[in-house]
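Structure at a glance
As a plain string of letters, each chain reads:
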Protein chains: 2
Amino acid sequence: MAQQKSGHVTLLDIARACGFSVSTVSIVLSEAPLSQNVAASTREQIRTMARQLGYHPDAFARSLRRRHSQTIGVLAYDLTDPYCIPIVRGIQAGLHPTNYLPLLMDAQIQRRLFDSYLKMILERRAEGVIVIASWIFEETNLLADIEKNHVPIIIVGRDLTSRRISSVFVDNEAGGSMAMRHLCELGHRRIAVIRGPEELFDSKPRWTGVRKAATEAGIRIDPRLVFQLPNSVDPFSSFEGGLHCAKQMLASGRSFTAVLAFDDLTALGVVRGLSEVGLRVPEDCSVLGFDDVLPATVSTPAITTIRQPLKEMGLQAVEWALKALEKREQGVDLNPQSHKAVPELVVRKSSSRPPERKSQMR
Amino acid sequence: MAQQKSGHVTLLDIARACGFSVSTVSIVLSEAPLSQNVAASTREQIRTMARQLGYHPDAFARSLRRRHSQTIGVLAYDLTDPYCIPIVRGIQAGLHPTNYLPLLMDAQIQRRLFDSYLKMILERRAEGVIVIASWIFEETNLLADIEKNHVPIIIVGRDLTSRRISSVFVDNEAGGSMAMRHLCELGHRRIAVIRGPEELFDSKPRWTGVRKAATEAGIRIDPRLVFQLPNSVDPFSSFEGGLHCAKQMLASGRSFTAVLAFDDLTALGVVRGLSEVGLRVPEDCSVLGFDDVLPATVSTPAITTIRQPLKEMGLQAVEWALKALEKREQGVDLNPQSHKAVPELVVRKSSSRPPERKSQMR
DNA sequence: TGTTGACATTCAAACGTTTGAATATTAGAA
DNA sequence: TTCTAATATTCAAACGTTTGAATGTCAACA
């Protein structure tokens, strides 16, 4: 009845319905400072009418006028990956006490989608962007556009300070060392290692850390027990990669008492591979993961892993984004920062001392 | 330089920069029909200038003027739950060929957040809303507002046709029957059942299906082997619930050769509980899950489960949402519809024939 | 010469808000 | 009585687009 053609209730509808001007209604409903001057009776009248009609302010009109969207764009490379979720949670948690809202997008590991969502984030005038990408994320030309439009951008999951982008990522080297040290301390000497895919940012430093710790412990890593995941991209593939590597390991005829896997899903793949030939984890062979995602916790045995403080990393990203906005308000451009989060060894059931009889591994 | 105070490049910037009017620029950049009449040289000039300045149209202004947001709100009860993700994927897949964009929100199983995000979806003038909620989702008063503003709403994960809301959900009864039938066919007779939490929509019909199949197979379910998950809410708790039930089962002294768990995470909890007393799955005891989420696939043994066609359910929801929009365009209000998706038995490694010697279970 | 119509471009209003400035009303003070 | 000040409300412009209608130019036709 009082509806506009658009189907949505507007200030004008309310104004007409209770005989005040649009301005007054706006002042009351948006709780502008001037609303103190509005008669209490008027306020009440307007508010009840708004409730009655089911009024909700039009975010488009409001943002247009106020020149603020109160939005932070969050672009995840793949929500399917359990790695992303805790980061998103951290971002949500960080944003919650402010009145910024996350605009969450899932690129599904597709460059095309990544670009089109980034464009959308720009069009929606997000005031900042947080990109979750442990994964390849080369120069999109949109990146330049983001800069031209003065939108602060933070990346979590890899170091892009070289491109002058604030970055939050885990200290992979330290993590790799922790993992190797844990196995050494348990008494393992023949340790198979599954390295991450070539093109993944985390792979190299993690491997460096592993080697350092091995050297420090006086252990030689048999190059024939070093494997590498293929350059694939979706989370499930790293499970299959682990499974495949385990088979190769077993086929190689070399003996080993532990496997240091690139991440948790790889570790789960290894567990599967070992179990298929009747080997038990950890009695016959220890398996270590990295990340600490849900599947590592709920599988049996629970996977010993290097935990990334994902939620905290999300929080950190938000903190910087907000600070950048604040500074921008004052006309200052913030220099890109970087934060190396410290990982943590989580000992669970997939690691133990090596089996007594070495012959057990053929 | 040519920047407005807002920091964003606008049509006016481009117009000034190349000496045409805002209208012409708009017509060219938005590829309006009139742009055929614009001189090719002009078009080129405007386009390159836009690219150079990094122009992106302001979605707020555009939507305001066009009276279309090209957006579908998607409100998930908890992205942490692996159950949600494939549904979201389905929704994305369904939306992709259209030019609607999903506006994805994660309520984190908190009523307050649920409400505030729903409000946000309304304010952003989403043209339709899809709610993912297997979980409690009682009358929000916002629901009434959604109706007042003529926004079509679809729920996936439970049946709310009684409240005149289109619903997509799995045929829980059929699924429950499938699970039980599978165990019976393998030869199990003493089967423990873990029912879902009281307040969860899926719980009752699933249990009905289980009992029906048992009756048909001439099997009596020992009430002392029936357990129930507590009314909790986060996905991890169902793992713990399963673990706890397994302990109770074992403590009860009753013998059983299979456990039919409410969902996959519960099943994984049961596996853990059994393994803690040295029982192996499936050699000593079979375990069945429900849903088919990632952790069920990557754990060892892989969990035999009843698969919900989650992605398809998401697709279905989108299809209806779009149809409702189409109809609304013509002024027709669509009647709420409902779709019971048919589940599917996925046989993996956690189920097998019961062990020969019954004494094995004490 | 005037009319027609195709082509190229611009005008101006509108979308739903917000907000600085303006107006109107009342009460109290000078 | 007029002036000031507080209270209560409205005007009107602006945010960045889009778009129906208007304008202007030019060539071709009658």
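Treat the numbers as computed from the prediction; the structure is a model and nothing was measured. (Residues numbered from 1 in each chain as written. Chains lettered and ligands numbered in written order. Predicted model: local features only at pLDDT ≥ 70, side-chain atom pairs only at ≥ 80, totals over all residues. Heavy atoms only, no water.)

1. Considerations on the confidence of the model for chain A
- Of the residues in chain A, 95% have a pLDDT of 70 or more, and the chain-wide mean is 92.
- This stretch, residues 358-362 of chain A, has a pLDDT under 50; its non-local contacts, to residues over four places away or in other chains, come to 10 contacts. (pLDDT = per-residue confidence, 0-100. Contact = heavy atoms within 4.5 Å.)

2. Focus: the protein's contact with DNA strand D
- Inspection of the region around DNA strand D gives 30 residues, with A:T24, B:L11, B:S26, B:R62 and B:R65 positioned closest.
- Protein-adjacent atoms of DNA strand D, using a 4 Å cutoff, are sugar or phosphate at a proportion of 65%.
- A:S21 places a main-chain nitrogen or oxygen 2.9 Å from a phosphate oxygen of DNA strand D.
- Contact distances for DNA strand D include 3.4 Å between a phosphate oxygen and a side-chain N or O atom of B:R66.
- For the surface near DNA strand D, the secondary-structure elements that each account for two or more residues are α2 (22-29) and α4 (59-66) of chain A together with α2 (22-29) and α4 (59-66) of chain B. (Near = heavy atom within 4 Å. Polar contact = N/O pair within 3.5 Å; in protein donor to acceptor, adjacent residues only side chain to side chain. Helix = DSSP H or I, 4+ residues; strand = E, 2+ residues; numbered from the N terminus.)

3. A few points about the interface of chain A and chain B
- Opposite the 66 residues of chain A that make contact, chain B presents 65 residues.
- Counting each side, the surface lost to burial between chain A and chain B is near 6,100 Å², with a carbon and sulfur contribution of 56%.
- Looking at the side of chain A facing chain B, the largest losses of area belong to A:H56, A:F60 and A:R125, adding up to 13% of the total buried there.
- Here chain A is connected to chain B by six salt bridges.
- A salt bridge links A:R89 to B:D78; its shortest N-O distance comes to 2.5 Å.
- At the surface where chain A touches chain B, the tally comes to 34 residue pairs in polar contact (both at pLDDT 80 or more).
- With seven residues, the top contributor of residues to the side of chain A that touches chain B is helix α6 (residues 111-123) of chain A.
- Considering only residue class, the side of chain A that touches chain B consists of 30 nonpolar, 21 polar and 15 charged. (Buried area = accessible area lost by both parts, 1.4 Å probe. Salt bridge = Lys/Arg side-chain N within 4 Å of Asp/Glu carboxyl O. Nonpolar A, V, L, I, M, F, W, Y, C, P; charged D, E, K, R; others polar.)

4. Describing the environment of A:I153
Residues and elements named next belong to chain A.
- Inspection of the secondary structure puts I153 in strand β4 (residues 153-156).
- Taking relative accessible area as the criterion, I153 reaches 16% and is therefore assigned buried.
- Sequence separation between I153 and M178 is 25 residues; the distance between their C-alpha atoms is 31 Å.
- Beyond its immediate stretch of four places on either side in the chain, I153 contacts V129, V131, L143, I146, I165 and S166. (Buried < 20%, exposed > 50% of the residue type's maximum accessible area, 1.4 Å probe, protein only.)

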